[in-house]
Amino acid sequence: MIYFDNGATTPLDHRVLEEMLPYNEVHFGNPSSLHALGRNAANAVETAREKVARSIGARPREVFFTSGGTESDNIAIQGVAFANRSKGDHIITCAIEHHAVLNTCRFLEMAGFKVTYLPVDGEGFVSPEAVKEAMTSQTILVSIMAANNEIGTIQPIREIGKVAKEGGALFHTDAVQAMGKMPLDVDRDNIDLLAMSAHKLHGPKGVGALFIKKNTTIRPIVFGGGQERGLRSSTENVAGIVGMGAAISLVTQSMVEDIEMMSGLRDSIIERALASISGVHLNGPRSQRLCNNVHFRFDRVEGESLVLSLDKLGIATSTGSACSSRSIEPSHVLRALGASNEQCRGSLRISLNRMNDADEVEYFLSVLPQVVSDLRSMAGG
Amino acid sequence: MKSEAAIPIAVGSKAPDFTAPGDQGELTTLSELVNGKSVLLIFYPQDWGWVCRTEILEFQSRQNDYEAIGVRLVGLSTNLVVSHGVWSEHLNLRFTLVSDPPGQIAEAYGVLDTDEDSFNKGRTKRALILVDQEMMVRFVWVTDDPWLEPDYDSIFNACSEALERSVSPKASAARIVEGYEVASQR
């Protein structure tokens, strides 16, 4: 199987699994326990915290483990909003954010907050000037993703973070897709909060982390035993956290070479597919694009059948985001780019990982034109 | 901007015949399916959607009940055979899904979504149309809301009663199923 759906999830690195295994069975202690088993587990969590912090230029005390990217986004946005309500009630985000951000913002609207959903341009970019114009004296939070999960657009987060800071607001970025695929430094990039997930970078599912800059005013959204310094109660997923630390270390070590390799494969797919197939369009930009993301729109092709036909040929791809694959509604990202409902139906996302190679790309490009042509005939086109 | 809404086929009308590929690519003809049986055409917007999945599996769980009153189940959407085939296998379906990519069958029955504002435009609406052995439409249920599921008990009872009634096209009318939309009368 050729796996080109790494935007949905990535295969677990066997080295990560090996580090995790003892924490499922031998070192099973609860990090809150005082005995040796508990202390051992607590040490493992702190070691992982150091690894995660190092990868984004943060201090370990600024990293909080969660159950994944969605929970990290929820804590960041709800936690900042409810803790800073006396300062203001306005939040700025954009139309192509992940639903973990969009639906949290919609919930906050129901709770009385005001949310500005900034539009994006035809390639999915949010303009820092638009953020600046939308800022008011009531703006407490700006939340713009580092890179889009469907079309790969890398946002100018450093500039947006600067605008937020100048306007007295906090800046949160959903970096779930960006982690390990572009350099991120929370100080340099003016980031106050950053959400990440382990399973997008060859770690396990069910674990993520949230960076929260020191002295940020935030409150928990889940209450209980006070783990993670009171911000995220619940007994720690020790094996998962160990896996996240291991995965993030491995990805960071080889990131520069991996980005170069994946960018080469990405550009090869984009250029050759555009040249060899009629009625195919690239969604998202050519530059400032995630190194592992390709997103096409095919005229007169049903996206689901395209994915299923490729699957039969041993290639795993996606119609868009994994979350939307079983939704009948068109992608909110493509709609925000100006695509019609019908145009959204012929989408194909190819998302690479660092273990993909040129032979896999060759095979994919060799079968794609025929698959598209067969589906168009079948549809009567 | 709304284009003129399609009007669903009326109870008492002659059912338009069709031949189209089933989920294994086999040609499926309505007039052959109704040989000695009635057919419930289950139009749904899209393979893989969770409402569609729930609906299709609910009908499958009631397949024996429908067979007991002489009704064969057939699903229809604009998805291609490729999608139907994998979805049918995934759900272990025991009835055929017909592929109608241009939406011609849906159009003939007045259940194609043509609303410019609908994200479902060009796909079939969620609709249930009962065709009897004489190729006569005996019951119609249709909704413009793709998230709305039919009330399965009421639909079964309405189909059962529609088939029990004497065949008198002029006199027959769509049964009002409580709380649900019923086909317009021509």
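Conventions and cut-offs
Residue positions within a chain follow its written sequence, with the count starting from 1. Labels are handed out in written order, letters beginning with A for the chains and numbers beginning with 1 for the ligands. Local features in this predicted model are restricted to residues of pLDDT 70 or higher, and side-chain atom pairs are both shown and tallied only at a pLDDT of 80 or more, whereas totals for entire chains, interfaces and linings draw on every residue. Just so you know, side-chain values use all the structure's heavy atoms and leave hydrogens and water out. Helix and strand definitions here come from DSSP, where helices need a minimum of 4 consecutive H or I residues and strands a minimum of 2 consecutive E residues; each element is numbered from the N-terminal end. Here, Shrake-Rupley sampling with a 1.4 Å probe gives the accessible areas, and only protein chains in the shown set may cover a residue. Any two strands between which DSSP finds at least two bridges are classified as paired. Axis definition: a line fitted to C-alpha atoms, limited for helices to the stretch in contact. Angles are taken between N-to-C directions and run from 0 to 180 degrees. Only residues above 30% relative accessible area that lack a salt bridge enter a patch, with like-charged residues linked at up to 9 Å and the nonpolar side chains Val, Leu, Ile, Met, Phe, Trp and Tyr linked at up to 5 Å. Salt bridge criterion: a side-chain nitrogen from Lys or Arg within 4 Å of a carboxyl oxygen from Asp or Glu. Grouping buried Ala, Val, Leu, Ile, Met, Phe, Trp, Tyr and Cys residues that are joined through side-chain atoms within 4.5 Å yields what is termed a nonpolar core. Each residue gets one of three labels from its accessible area relative to the maximum for its type: buried under 20%, exposed over 50%, partly exposed in between, using a 1.4 Å probe on protein chains only. The criterion used for residue contact is that any of the two residues' heavy atoms lie within 4.5 Å. Per-residue confidence from the prediction method is given by pLDDT, with values spanning 0 to 100. Convention used here: angles under 35 degrees read as roughly parallel, angles over 145 as roughly antiparallel, angles from 65 to 115 as roughly perpendicular, and any remaining angle as oblique. In this scheme the crossing of two helices becomes right-handed for a clockwise turn of the near helix relative to the far one and left-handed for an anticlockwise turn of less than a right angle. The rule is short: rings of Phe, Tyr and Trp, with Trp giving its six-membered ring, pair when the centres are within 6.5 Å, and they are stacked under 30 degrees, edge-to-face over 60, tilted in between. Charge-over-ring contacts are defined here by two conditions on Lys NZ or Arg CZ: a distance within 6 Å of the ring centre and an angle within 35 degrees of the ring normal. Accessible surface is computed with a 1.4 Å probe, and the buried area is the amount of it that two parts give up when combined, taken over both parts together. Polar contacts, as used here, are pairs of N or O atoms within 3.5 Å; protein pairs need one atom able to donate a hydrogen and one able to accept it. Residues neighboring in sequence count only if both atoms are side-chain atoms. Residue polarity follows a fixed list, in which Ala, Val, Leu, Ile, Met, Phe, Trp, Tyr, Cys and Pro are nonpolar, Asp, Glu, Lys and Arg are charged, and the others, Gly among them, are polar.

Chemist: Explanation requested: the overall build of chain B in the structure shown.
Modeler: Scanning chain B for helices and strands turns up six helices and seven strands. Helices and strands in chain B line up, N terminus first, as β-β-α-β-α-α-β-α-β-α-β-β-α. Carbon and sulfur atoms form 47% of the exposed surface of chain B, whose accessible area is close to 8,000 Å².

Chemist: Would you take a moment to explain the sheet that holds strand 6 (residues 170–174) of chain A for this structure?
Modeler: Across a sheet, strands are paired by hydrogen bonds formed along the backbone, either parallel or antiparallel in direction. All names here are of chain A. With mixed pairing, the seven strands of this open sheet are ordered in space as 2-8-7-6-5-3-4. Here the strands that pair on one side only, and so sit at the sheet edges, are strand 2 (63–66) and strand 4 (114–118). For this sheet, the mean inter-axis angle between neighbouring strands, taken without regard to orientation, is 20°. Sheet topology note: the strand 2/strand 8 (residues 208–212) ladder contains four bridges and is antiparallel.

Chemist: In this structure, what is going on with a nonpolar patch on the surface? I would like to understand it.
Modeler: Together, Leu12(A), Leu17(A) and Leu21(A) line one region of the surface with nonpolar side chains, adding up to about 240 Å² of accessible area. Considering the arrangement of structural elements, one finds Leu21(A) in the loop between helix 1 (14–20) and helix 2 (36–55).

Chemist: Can you help me understand the sheet that holds strand 10 (residues 293–298) of chain A in this one?
Modeler: All names here are of chain A. Taken in spatial order, the three strands line up as 9-10-12 in an open sheet, and their pairing is antiparallel. Each end of this open sheet is capped by a strand with a single partner; those strands are strand 9 (280–282) and strand 12 (347–351). Sheet twist, expressed as the mean angle between neighbouring strand axes with direction ignored, is 25°. Alignment of strand 10 against strand 12, held across five bridges, turns out to be antiparallel. Within the sheet, the bridge partner assigned to Arg297 lies in strand 12 and is Ser347.

Chemist: How should the nonpolar core be read in this particular structure?
Modeler: Nonpolar side chains in soluble globular proteins generally cluster together in the buried interior. Ile56(A), Val142(A), Met179(A), Leu184(A), Leu194(A), Met196(A) and Met244(A) are the most contacted members of the largest nonpolar core, which totals 65 residues. Among the elements that make up this core, the one with the highest residue count is helix 7 (residues 238–253) of chain A (ten residues). If sequence neighbours within four positions are ignored, Ile56(A) has contacts with Met179(A), Leu184(A), Asp185(A), Val186(A), Leu194(A), Met196(A) and Phe211(A). Counting residues in each nonpolar core, the second largest holds 58 residues, with Ile269(A), Leu348(A), Leu368(A) and Phe95(B) among its members.

Chemist: Is there a simple way to think about the confidence of the model for chain B in this case?
Modeler: Reading fine detail from the predicted coordinates is not recommended where pLDDT is low. Residues and elements named next belong to chain B. Taken residue by residue, chain B gives an average pLDDT of 88. The fraction at 70 or more is 86%. Within the model, the stretch residues 168–186 combines pLDDT values under 50 with 39 contacts to residues more than four positions away or in other chains. Complex prediction metrics read pTM 0.90 and ipTM 0.82.

Chemist: How should the packing of helix 9 (residues 303–312) of chain A against helix 11 (residues 358–378) of chain A be read in this particular structure?
Modeler: In a pair of packed helices, the angle between the axes and the distance between the axes together describe the arrangement. All names here are of chain A. Put simply, helix 9 and helix 11 touch, their axes get as near as 10 Å, and they point 135° apart. It follows that helix 9 is oblique to helix 11 by the angle criterion. Classified by chirality, the crossing of helix 11 by helix 9 is right-handed. Contacts from Ser305, Leu306, Ser309 and Leu310 in helix 9 reach Phe364, Val367, Leu368, Val371, Val372 and Leu375 in helix 11.

Chemist: What exactly am I supposed to notice about the packing of aromatic side chains here?
Modeler: In this structure the tally under the stated criterion is eleven aromatic pairs over all chains. Geometrically, the ring pair formed by Trp48(B) and Trp87(B) is tilted, given 6.4 Å between the ring centres and 50° between the ring planes. You can see Trp48(B) sitting in the loop between strand 3 (38–43) and helix 2 (50–61) and its partner Trp87(B) sitting in helix 4 (residues 81–91), a full 39 residues away along the chain. On the basis of relative accessibility, which here comes to 1%, the residue Trp87(B) falls in the buried class. A network of ring pairs unites the aromatic residues Phe59(B), Tyr66(B), Tyr152(B) and Phe156(B) as a single cluster. One cation-aromatic arrangement involves Arg106(A) over Tyr117(A); the distance from NZ or CZ to the ring centre is 5.8 Å.

Chemist: Hey, could you run me through the interface of chain B and chain A in this one?
Modeler: When the parts of a complex come together, some accessible area is lost, and that lost area is often used as the size of the interface. Facing 22 residues of chain B, the contacting portion of chain A comprises 16 residues. Summed over both partners, the interface of chain B with chain A comes to about 1,800 Å²; 60% of that surface belongs to carbon and sulfur atoms. One can count one salt bridge joining chain B with chain A. A salt bridge links Lys121(B) to Glu342(A); the nearest nitrogen and oxygen atoms lie 3.4 Å apart. At the junction of chain B and chain A, the tally comes to seven residue pairs in polar contact (both at pLDDT 80 or more). Of all the elements, helix 4 of chain B adds the most residues to the side of chain B that touches chain A, at five residues. Class assignment for the residues of the side of chain B that touches chain A results in eleven nonpolar, nine polar and two charged.

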